[in-house]
Amino acid sequence: MDPVSRRDFLKYAAAATVSGGLAVACSSSTPQPRFITPSDPEIAARDRAPASSAAVVPMALSARPVTVDLGGVVANTWAFGTTAVGPEIRLKAGERLRAEVANDLPVGTTIHWHGIAIRNDMDGVPVLTQPPISPGQTFVYEAVMPDPGTYWYHSHSGLQLDRGLSGPLIIEDPNESLHYDHEWTVFLKDWMDGVTGTPDDVFRELTAGMGGMSGMPGMPAPRYMLTDGESALLGGDAGDVKYPYYLVNGRIPADPPQFAAKPGDRARLRIVNAGADTAFRLALGGHELTVTHTDGYPIEPVRADALLLGMGERYDALVTLKDGVFPIVASAEGKNGRALAIVRTGPGELPPVDVPVAELDGRIPMAWDMSAMEADRLPPRDITRALDVRLTGSMSPYTWSIDGVPFDPNSVESNRYGVRSGERVRISWRNDTDMWHPMHLHGHTFELSESGARKDTVIVLPRTTIATHFDADNPGVWAFHCHNSFHQDSGMMGSVSYEI
Ligand code: C2O
Ligand code: CU
C-alpha cells in the first residue's frame, strides 16, 4: 500500500520547501516560534458565542475505587459508577456539556472527550492542557459539543483507561437523516483489571524485558504478555497483552447484554472500541451491516459482513433485523477470546458463547475503502504545512516513541509539531515498526487522503505510511498518540501545537 499519491507528493514537496525555509530562519537570529497556551483568550472565545444560547446539560462523574460485577465475575477496579463502563452521556450537537468530575482515586486524573473538536482547555490531557485533578479535588469540564456523532470519554492519565474509567459520549444530530427504530451502543473493552492484575503490573512486565527472555530455557512464561497473537488484517502482531475477558457494555459473554426488537426493525449500532490493547472484529450473526459513519462522520454507505476496529475507533452501522436470536460477536483480533451481545426479535435459546459466526470471515471494509459524504469532505486546497510523524520503537526493549524520542509527560515541548491557524495540514504517519498503531489526533477530525473518510483515529499498518489532512481551525496544544495504552504510556505521543 502506498497512500502517498503523485499529486500529493508534489504538494508535499512544495510545502517542504516552505517549512525548510522556516527551519533555517529559526536557527539564525529570528526567535523560535511561540505557541498558544490553553489559557489564552482565543481558546475560551471558541465557544463563547454559542454559550449564551446553548442549552447546558449538567452531569456529575466521580472516579473512584469500586468493585464491579462483569456478569458473575467481580473485579476491583477504578470506575465512574458501579459498573465497568461509565454512564452514557447524550447531548444534541450545539449543546453545552457541564461535567463535574470528582477525583476520589488515590492518584491524579483527567478526562478526555475523544473525537470532540472541543475547546483546548477542556481537552483533559495532563500537562498539555491542564494539571491533573488531585485526589479529593473536583474539576468542571464545560464546553459546547459542536458536531454530532459517536464519541467516548476516558481518563487520560497513565494507564487508567485500561481500568473502568471510560464511557460512551453520543452527540445526537438535531437534523438526523437516517431512519431507524432502535439505537444501540456497543461499547467494547478488553478487561484484566482486578482479575489477573492491574494495568501497571502488565506494564512492569512488558518493560522488564520478558519479551527477550520468554523463549529462553528456564524462563517462566510471561503472565501478561501476548506471545502468539497474529493478524493478517493488522499485518503481524495483533497486540502485546493477553486479557482474560472481553466485554460488551461491561459484560462478559457468559452473561451478555441483550437488545430487544421486532423482526423487520432497523437498528443503528454505535460501535466503540474502548480497548487498551485489542482490535475487535465485529459481526452480527446472520446479518449484513450497512456502515454509515467513521469516527462520528457520515460516509457513503458501505456494505459489510464484519468491521475491524482499532482502539479508539468507532463505526456506526444500520441493520435490518431478522426473526430470531442472534449473536453480536466482537472477536479479539489475533487473540483468543471474544465479546458477546445478543439481539433478540423472537423467542429462543441464547446461542452458546462460542457460536460460529460466518460473517466474521466475510467482507471487512477498512476506513481507507470508505469515503465521506460530499458535505463532509474537506474542500480541495493546497497543503501549507506538511508534518512527517515517524512511529518508532520495539517490543524488546519495550519502548515506543515518535521519531525515536519517547514523549516526556512532564514537558509541553516534548515531540512538539507546530502549525498555524488557517493552514491545511498534512500529517504523514510513517510506521517504521513491525507493529500496527491506531494513531489518534485530538481536537480535529482528519481526512484520509486516499478515500476522504473522516477520522480522528487511524490504523497505521507496519512499515507503511498513511497521509491524513485537516484544517487548522481549533487553536491549542493538541495531543496525538498511539491509542494502544501501553505504547502511549511508553512514549508514542507528541503534540500538534498552534504557533502565534
Ligand atoms: Cu482517546 Cu488521547 O485519547
Ligand atoms: Cu502503538
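Structure first, text after, so check above.
Let's talk about the coordination of the copper ion (ligand 2)
Moving on, step 1. Around the copper ion (ligand 2), the protein contributes the donor atoms H437 (ND1), C482 (SG) and H487 (ND1), which lie 2.0 to 2.1 Å from the metal centre.
Moving on, step 2. Sequence spacing of the donor residues for the copper ion (ligand 2), all on one chain, is H-x44-C-x4-H. Linking H437 in strand β26 (residues 437-441) with C482 in strand β31 (residues 477-482), this pair joins segments that are 45 residues apart in sequence.
Moving on, step 3. In this structure H437 comes out as buried when scored by relative accessible area, which is 0%.

Quick word on the pairing of strand β7 (residues 149-155)
Moving on, step 1. Counting buried residues along β7, seven of its seven residues qualify, which places the element largely inside the surrounding structure.
Moving on, step 2. Pairing of strand β5 (residues 111-114) with β7 involves four bridges; the strand directions are antiparallel. The partner of H112 across the bridge, within β7, is H154.
Moving on, step 3. The pairing of β7 with strand β8 (residues 166-172) spans six bridges and is classified as antiparallel. Following the sheet pairing, Y151 is matched in β8 by L169.

Focus on the sheet that holds strand β14 (residues 266-273)
Moving on, step 1. Strand order in the open sheet formed by six strands is β12-β9-β14-β19-β16-β17, with mixed pairing between adjacent strands. Each edge of the sheet is formed by a strand with only one pairing partner; in this case those strands are β12 (245-248) and β17 (297-304). Here the strands of the sheet are splayed against their neighbours by 25° on average, with no regard to which way each runs.
Moving on, step 2. Pairing analysis gives four bridges linking strand β9 (residues 182-191) to β12, with the strands arranged antiparallel. Residue pairing for β12: L188 is matched across the bridge by V248.

Examining the nonpolar core
Moving on, step 1. In this structure, W113, L169, W429 and F486 are the most contacted members of the largest nonpolar core, which totals 120 residues.
Moving on, step 2. Broken down by element, the residue count for this core peaks at six residues, all from strand β20 (residues 325-332).
Moving on, step 3. Core analysis: the second largest hydrophobic core is formed by ten residues, V66, V68, A75 and A84 among them.

Some thoughts on the sheet that holds strand β13 (residues 258-260)
Moving on, step 1. Spatial ordering of the open sheet is given by β13-β21-β20-β15-β18, a layout of five strands whose pairing is mixed. Sheet topology places β13 and β18 (307-309) at the edges, where each strand pairs with a single neighbour. Neighbour-to-neighbour, the strand axes of the sheet open up by a mean angle of 20°, direction not taken into account.
Moving on, step 2. As judged from the five bridges shared by strand β15 (residues 280-284) and β20, these two strands associate in the antiparallel manner. Note that in β20 the partner of F280 across the bridge is A332.

Some points on unusual backbone geometry
Moving on, step 1. In this structure, P397 follows S396 across a cis peptide bond, with omega equal to 0°.
Moving on, step 2. Looking at where P397 falls in the secondary structure, it is placed in the loop between β22 (385-394) and β23 (399-402).
Moving on, step 3. Residues other than glycine seldom take positive phi values, yet D403 does so here, at roughly 55°.
Moving on, step 4. Structurally, the position occupied by D403 is in the loop between β23 and β24 (416-419).
Moving on, step 5. Located in the positive-phi region is N415, a residue other than glycine, with phi close to 45°.
Moving on, step 6. Mapped onto the secondary structure, N415 falls in the loop between β23 and β24.

Looking at the environment of Y417
Moving on, step 1. For Y417, the location among the structural elements is in strand β24.
Moving on, step 2. Counting along the chain gives 29 residues from Y417 to D388, while the straight-line C-alpha distance between them is 9.3 Å.
Moving on, step 3. When neighbours within four sequence positions are excluded, Y417 is seen to be in contact with L387, D388, V389, I402, D403, F480, S495, V496 and S497.

What to know about the pattern of salt bridges
Moving on, step 1. Counted according to the given criterion, the structure contains 38 salt bridges.
Moving on, step 2. Here R314 makes a salt bridge to D295, at a shortest N to O gap of 3.7 Å. Taken together, the positions of R314 in strand β19 (residues 314-320) and D295 in the loop between β16 (289-294) and β17 put the pair 19 residues apart, joining distant regions of the chain. Like D295, R314 is buried.
Moving on, step 3. For K455, the salt bridge is made with E313, and the minimal N-O distance between the two is 2.6 Å. With K455 in strand β28 (residues 454-455) and E313 in the loop between β18 and β19, this residue pair connects regions lying 142 residues apart in the sequence.
Moving on, step 4. Look at the salt bridges and you will find they share partners, linking E88, R90, K92, E172, E176, E183, R268, R270 and D316 into a network.

Conventions used here
Residues numbered from 1 in each chain as written. Chains lettered and ligands numbered in written order. Predicted model: local features only at pLDDT ≥ 70, side-chain atom pairs only at ≥ 80, totals over all residues. Heavy atoms only, no water. Donors = N, O, S within 2.8 Å, 3.2 Å for Na, K, Ca; no water. Helix = DSSP H or I, 4+ residues; strand = E, 2+ residues; numbered from the N terminus. Buried < 20%, exposed > 50% of the residue type's maximum accessible area, 1.4 Å probe, protein only. Pairing = 2+ DSSP bridges. Axes fitted to C-alpha atoms, helices over the stretch in contact; angles between N-to-C directions. Core = buried A, V, L, I, M, F, W, Y, C linked by side-chain atoms within 4.5 Å. Contact = heavy atoms within 4.5 Å. Salt bridge = Lys/Arg side-chain N within 4 Å of Asp/Glu carboxyl O.

By themselves, these observations are geometric and do not establish any function.
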